[in-house]
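Inside the fold
Below, each chain spelled out in residue letters.
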Amino acid sequence: MLTEKRIVITGAGSGIGRATSILAAGYGANVLCVDLNDSVLATVDEITDIGGTAIAVQADVSDEAAVADFIHQCVDQFGGIDGIYANAGVSGGRKSLTELTVEDWQRTLAVNTVGVFLAIKHSVPHFVNQGQGAIVCTASVAGLRANAGGVDYSASKAGVISIIQTTAYQLYGTGVRINAIC
């Protein structure tokens, strides 16, 4: 099903991103695994141990130049890009609104919302050019209803849902699919 598909997965150093990277590689995908932490190296080691193909990239998903670079690295190393899973995220903790600092707020939105925006922005031109592609982004129930996460986290995930809905309309007819997982 994923044989020879070229996929970028952010947040691949742990949790859902790590599990998805290993699963995708097990189904035959070539996976470019991205994470800010060096734990992404262990993900790639596990993939190569099972005979899969993967590349590790340490990058901050909220840094536009870094995102553009890892998208281009996928294209250069694997000969193209078929999908991206914008999964990297931070919880932001469970501070109350009055305990949150501007720095807390900005970091949560930078990773969770700006990271998704940049992944879409830099992968879409490749997908549109080839007439197909798949974008999956991690959102959360916290973006849909109250009290499922902290204020900063919930706002960031509501932003992801809005980005996906709006982008879906803009991509209509291009052959590019986009979805959020809550």
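Above: the structure in question.
Rules of the game
- Residues numbered from 1 in each chain as written.
- Predicted model: local features only at pLDDT ≥ 70, side-chain atom pairs only at ≥ 80, totals over all residues.
- Heavy atoms only, no water.
- Salt bridge = Lys/Arg side-chain N within 4 Å of Asp/Glu carboxyl O.
- Helix = DSSP H or I, 4+ residues; strand = E, 2+ residues; numbered from the N terminus.
- Buried < 20%, exposed > 50% of the residue type's maximum accessible area, 1.4 Å probe, protein only.
- Contact = heavy atoms within 4.5 Å.
- Pairing = 2+ DSSP bridges.
- Right-handed = clockwise from strand over helix to strand, strands pointing away.

Let us now look at the pattern of salt bridges. Following the criterion strictly, the structure yields 5 salt bridges and no others. In this structure, E46 engages R18 in a salt bridge whose closest nitrogen and oxygen atoms are separated by 2.6 Å. Of this pair, E46 sits in helix α2 (residues 40-49) while R18 sits in helix α1 (residues 15-26), and the two are 28 residues apart along the sequence. With a relative accessible area of 32%, E46 lands in the partly exposed category. For K95, the salt bridge is made with D104, and the minimal N-O distance between the two is 2.8 Å. Exposure remark for D104: the relative accessible area of 21% places this residue in the partly exposed category.

What follows deals with the side chain of S123. Tracing the backbone shows S123 in helix α4 (residues 102-130). On the basis of relative accessible area, S123 is assigned to the buried category, the value being 0%. Discounting residues that sit within four places of it in the chain, S123 has contacts with I71, I81, I84 and I135.

So, about the environment of I120. Along the chain, I120 turns up in helix α4. I120 gets classed as buried once you look at its relative accessible area, which sits at 6%. The sequence separation of I120 and G93 amounts to 27 residues, and the corresponding C-alpha distance is 26 Å. Setting aside its immediate chain neighbours within four residues, I120 contacts I135, C137, I163, I164, T167 and I178.

Once that is clear, we can look at the pairing of strand β6 (residues 176-181). Bridge analysis of strand β5 (residues 133-138) against β6 gives 6 bridges, and the strand direction is parallel. Paired with V136 across the strands is N179, a residue of β6. For the crossover that starts at β5, traverses helix α5 (residues 151-170) and ends in the parallel β6, the hand is right-handed.

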